[in-house]
Amino acid sequence: MAWQLEWQFCIWLKPLLANNMTTLLIKNGRVIDPANKIDKVTNIFIQDGKIKSVGSQISKADRTLDTKGLIVTPGLIDMHVHLREPGKEDEETITSGVSAAINGGFTSVACMPNTDPAIDNEALAEFVYLQAKRAGKSNVFAIGAVTKGRKGEEISEMGQLYRGGAVGFSDDGESIKNSEVMRRALEYSRMFNKPIINHCEDTDLVRDGVMNEGYISTVLGLSGIPAVAEEIMVYRDITLAKLTQGRLHIAHITTKKSVELVRRAKEESINVTAEVTPHHLILTDDYIRTSNFDTNYKVNPPLRTKTDVQALREALKDGAIDAIVSDHAPHSEEEKDVEFNIAPFGMIGMESLLGVILTELVLKKVITLNRMIEALTVKPAQILGIPKGTLSVGADADITVIDLNKNWEIDPSTFKSKSRNCPFAGWKVKGKAVHTIVKGQVILP
Amino acid sequence: MKSEKKGFVWGHKHLLGLEYLTAQEITHILDTGESFKEVSRRNIKKVPTLRGKVVVNMFVEPSTRTRMSFSLAAKRLSADIVDFSPSLSSLSKGETVKDTARNIEAMGVDIVIIRHTAPGTAHMLSRIINASVINAGDGAHEHPSQGLLDIFTIRQKKGEIKGLKVAVVGDILHSRVARSNIWGLTKLGAEVIAVGPPTLIPEHIRDLGVRVSYDLDAVIPEIDVINILRIQLERQRSKFFPTVREYARLFGINSERLKRAKEDVLIMHPGPINRGVEITPDVADGKHSVILEQVANGLAIRMAILYLVKTAISE
């Protein structure tokens, strides 16, 4: 019937019209946009999901957010997360993962391909984008596998993966053991100007290790993973990056020596970048002892020592380390609630990252607020080559609004993530994302 | 018998390791062990201390002497004891240790004695269940009852622990016996010297106040007690040392080596012995050896442990 058709037509048309016509004004916030070197109290006007203007003039908008006393930044980016889909949907899905991202203040995440099957072809990369579109919250970028099936033997169809939307390549979870394969990957990927993100670990030295090798592992009788297992690979990869002029990104860097290697490589203008997680910046291997073998502190690479933590903090401050990532690695309770030796490695972090970094690093003046925002916006955007992490006019209106004065307690039972393996459970923190805006749509709250 | 002495009250519901005990608490266990030793000399070797209590031996890693020793200790205290020895493989396939322990507890168990290959399993159990948990060896972490019976035996022979030099010889890296001995002995004022190849002595063991030597012959004249660890032959395949023969040459205890030792040196071994590898038969059965006395003392110490954790639950 005609009226039914017309009614249906309206339902379909309405969101389209709304989207095209919507304007949003974010006023009176302290806007910090390291990409454009902006740090001032001002207004942002958004139209059609894009940044229309940044400045003091006020235009009429469909909706206005008064952000007086709050921080307004480009939408935060977490360039290293595990969303477990396909394969381990009991632990996380792309849908639950993006909800966790939004809750933690992230408008974009890049997900690792260590799924089952591994994201090592174009169709699977496209599957990630399709699922993310269905979920319709944060942006999700796919990272493709470096090698077929993540086996470390033959390089994957990087060109096809790139066409499917891959923004980088990684066999994360596994180190690329074969030096020739690593060399070829660094060379081949130059065609696409996307980084090879290596999980640096000499597996022969790791053997059956389950935590950092040192005093604590000696006392606990747990097999140790020596710092050199990481450092040897970091050094190898840097020399290969120099040889190939490829783009190398060191995933979750953890040791003092690794940081020194990266710093020196940057001084030599070798194309290398690095990322660090909140847990490696804040926790040490001693937590395993004081918690009496709590498997929520079991992570790979392992929690290191105070000396390493200090070196990581300095490197984040001076720019030797570029980005902060969560390495969000969900595991079900039944998987984690077993003997320490057999529990899987990994911790979740998207929903605790901002709170713990603000509290432990920014409030305690280890790094500035601007540096933190840079490491969560423009830096990861540059590394992955994605048009995000900025409030430039014409850019996608991805914005995070942060309340620096909000006190809250980290309670994983309230998380949007499907998993609960958070090492910061029970921590009292200050600072939280209060609005997460993706393409002009206010999704949180 | 009372656990209170000079105002001291035993307060540990679980025994997870010697790291967590003070020198006074360790001494209290040893003293309690002395009183139980007397029970073993009686005609009727049984006391009613744990009558009506249920003790479960949960050994997820094979063991003969520790399990038997705990069983016998529980029986002498009149407890009901159940042996439960699931294989690791069946556990990893089906029920978890957590579920297994909860099921056992639902049957009304008071004390669970656990042996497991993974460090920290006793700690995990102590968080999950309400019963007392006794660690009977968790991977390379601790083996508190063995450490206590070793110290008990040394004290019996030497009178006092303070000032003694005790060499622990062999695979320190993988040894729970070494760690429990180190904690206990250093707390009581002995000097511990770890002796073995550098591949089997973790560098950080020094941070526990332990002296390290790679030369057995150099230290042998000064030591009062040699505690010899079992060499696990599979370690050789993992590249920790080249051959068993070479290990025996460098670190095996034989009568030739012992000629340079003190007259009253004690030879100890937690068992089971690889005769001809870490110790020669003549030394194992010789006049310095207290290996069988260790086994006998193990019974008294384990009675003391069961008794003490029970007093902590009762209070």
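Residues numbered from 1 in each chain as written. Chains lettered and ligands numbered in written order. Predicted model: local features only at pLDDT ≥ 70, side-chain atom pairs only at ≥ 80, totals over all residues. Heavy atoms only, no water.

1. Topic: the overall build of chain A
(1) Moving on: Along chain A, the regular secondary structure elements total 16 helices and 18 strands.
(2) Moving on: Relative to the 2.2 N^0.38 estimate, which gives 22 Å for 445 residues, the radius of gyration of chain A is 22 Å and therefore close to what a compact globule would have.
(3) Moving on: Relative to its 445 residues, chain A shows a buried fraction of 61%.
(4) Moving on: Put simply, 75% of the contacts in chain A that link residues at least 6 apart link residues at least 24 apart.
(5) Moving on: Carbon and sulfur atoms make up 51% of the accessible area of chain A, which totals about 17,700 Å².
(6) Moving on: Between the mean site of the 53 positive side-chain charges and the mean site of the 57 negative ones, chain A shows a separation of 7 Å. (Helix = DSSP H or I, 4+ residues; strand = E, 2+ residues; numbered from the N terminus. Rg over C-alpha atoms; globule rule 2.2 N^0.38 Å. Buried < 20%, exposed > 50% of the residue type's maximum accessible area, 1.4 Å probe, protein only. Contact = heavy atoms within 4.5 Å. Areas by Shrake-Rupley, 256 points an atom, 1.4 Å probe, with all protein chains shown as cover. Lys, Arg positive; Asp, Glu negative; His and termini not counted. Charge placed at Lys NZ, Arg CZ, Asp CG, Glu CD.)

2. Comments concerning the overall build of chain B
(1) Moving on: When its secondary structure is counted, chain B shows 13 helices and nine strands.
(2) Moving on: The C-alpha atoms of chain B give a radius of gyration of 19 Å, which matches the 20 Å a tight globule of 315 residues would have.
(3) Moving on: A principal-axis box enclosing the C-alpha atoms of chain B has dimensions of 55 × 50 × 35 Å.
(4) Moving on: Among the 315 residues that make up chain B, the fraction classed as buried is 59%.
(5) Moving on: A separation of at least 24 residues holds for 73% of the contacts in chain B among residues at least 6 apart in sequence.
(6) Moving on: For chain B, the computed accessible surface area is about 12,900 Å², with 52% contributed by carbon and sulfur atoms.
(7) Moving on: Of the charged side chains in chain B, 44 are positive and 35 negative; the average position of the first set lies 3 Å away from that of the second.

3. Section: helix H12 (residues 306-318) of chain A
Residue and element names in this part refer to chain A.
(1) Moving on: Relative to the 18 Å expected for 13 residues at 1.5 Å per residue, H12 spans 18 Å between its end C-alpha atoms, a close match to the ideal helical length.
(2) Moving on: Taken together, the buried positions of H12 are occupied by Asp308, Val309, Ala311, Leu312, Arg313, Ala315 and Leu316.
(3) Moving on: Of the surrounding elements, those touching the buried residues of H12 are helix H9 (256-267), strand S14 (272-276), helix H10 (278-282), strand S15 (323-324), helix H14 (353-362) and helix H15 (369-376).
(4) Moving on: Looking at the residues trailing H12, positive phi occurs at Gly319, about 95°. (Expected span 1.5 Å × (residues − 1).)

4. Regarding the sheet that holds strand S4 (residues 132-138) of chain B
Residue and element names in this part refer to chain B.
(1) Moving on: Spatial strand order, S2-S1-S3-S4: four strands in an open sheet with parallel pairing. Looking at the sheet topology across the chains shown, the edges are occupied by strand S2 (80-84) and S4. Strand after strand, the sheet turns through a mean of 15° between neighbouring axes, direction not considered.
(2) Moving on: With respect to the sheet, helix H4 (residues 97-106) is in contact with strand S1 (54-59), S2 and strand S3 (111-116), its orientation differing from that of S1 by roughly 160°. (Pairing = 2+ DSSP bridges. Axes fitted to C-alpha atoms, helices over the stretch in contact; angles between N-to-C directions.)

5. What about the interface of chain A and chain B?
(1) Moving on: If you look at the interface, chain A gives 18 residues, while chain B gives 25 residues.
(2) Moving on: In total, chain A and chain B occlude about 1,700 Å² of area from one another, counting both sides; carbon and sulfur atoms represent 57% of this.
(3) Moving on: Looking at the side of chain A facing chain B, the largest losses of area belong to A:Tyr215, A:Thr218 and A:Glu339, adding up to 33% of the total buried there.
(4) Moving on: If you look at where chain A meets chain B, you find two salt bridges.
(5) Moving on: For A:Asp337, the salt bridge goes to B:Lys98, with nearest N and O atoms at 2.4 Å.
(6) Moving on: At the junction of chain A and chain B, the tally comes to six residue pairs in polar contact (both at pLDDT 80 or more).
(7) Moving on: If one sorts the elements of the side of chain A that touches chain B by residue count, helix H7 (residues 215-220) of chain A sits on top with four residues. (Buried area = accessible area lost by both parts, 1.4 Å probe. Salt bridge = Lys/Arg side-chain N within 4 Å of Asp/Glu carboxyl O. Polar contact = N/O pair within 3.5 Å; in protein donor to acceptor, adjacent residues only side chain to side chain.)

6. Section: the domain arrangement of chain B
Residue and element names in this part refer to chain B.
(1) Moving on: Entries for chain B in the domain assignment read domain 1 (4-142 + 297-313) and domain 2 (144-294).
(2) Moving on: For domain 1 and domain 2, the distance between their C-alpha centres works out to 25 Å.
(3) Moving on: Taken together, the 33 residues of domain 1 in the interface contact 26 residues of domain 2.
(4) Moving on: Summed over both sides, the interface of domain 1 with domain 2 buries roughly 2,400 Å², with 60% coming from carbon and sulfur.
(5) Moving on: Of all residues in domain 1, the largest losses of buried area upon contact with domain 2 belong to Leu18, Leu30 and Asn297, amounting jointly to 27% of the total for that side.
(6) Moving on: Connecting domain 1 to domain 2 are three salt bridges.
(7) Moving on: With a shortest N-O distance of 2.8 Å, Arg176 and Glu61 are connected by a salt bridge.
(8) Moving on: Our count for the domain 1 to domain 2 interface comes out at 14 residue pairs in polar contact (both at pLDDT 80 or more). (Domains from an automatic or database assignment.)

7. Topic: the sheet that holds strand S13 (residues 248-250) of chain A
Strand-to-strand pairing in sheets goes through backbone hydrogen bonds, with the strands running parallel or antiparallel.
Residues and elements named next belong to chain A.
(1) Moving on: Reading across from one edge, S9-S10-S13-S14-S15 is the order of the five strands in this open sheet, with parallel pairing throughout. Here the strands that pair on one side only, and so sit at the sheet edges, are strand S9 (169-170) and S15.
(2) Moving on: Judged from the three bridges that link them, S13 and S14 form a sheet pairing that is parallel. Within S14, the residue paired with Leu248 across the bridge is Val272.
(3) Moving on: Along the sheet, H9 contacts S13 and S14; its crossing angle with S14, the most-contacted strand, is approximately 150°.

8. Details of a nonpolar patch on the surface
(1) Moving on: On the surface, a cluster of nonpolar side chains totalling about 220 Å² of accessible area is made up of A:Leu205, A:Val228 and A:Ile232.
(2) Moving on: Residue classification places A:Val228 among the partly exposed residues on the basis of a relative accessible area of 40%. (Patch = residues over 30% accessible without salt bridge, like charges linked within 9 Å, V, L, I, M, F, W, Y side chains within 5 Å.)

9. What to know about the side chain of B:Glu278
Residues and elements named next belong to chain B.
(1) Moving on: Residue placement: Glu278 occurs in the loop between strand S9 (266-268) and helix H12 (281-284).
(2) Moving on: At 5.4 Å, Arg230 is the nearest oppositely charged side chain to Glu278, a buried residue that forms no salt bridge.
(3) Moving on: Engagement of the side chain of Glu278 in a polar contact is seen with the side chain of His269, the distance being 2.8 Å.
(4) Moving on: Reaching out from Glu278, the side chain makes a polar contact with the backbone nitrogen of Asn274 at a distance of 3.0 Å.
(5) Moving on: Once residues lying within four places of it in the same chain are set aside, the contact partners of Glu278 are Ile228, Leu229, Arg230, Ile231, Tyr247, Phe251, Gly252, Ile253, His269, Pro272 and Ile273.

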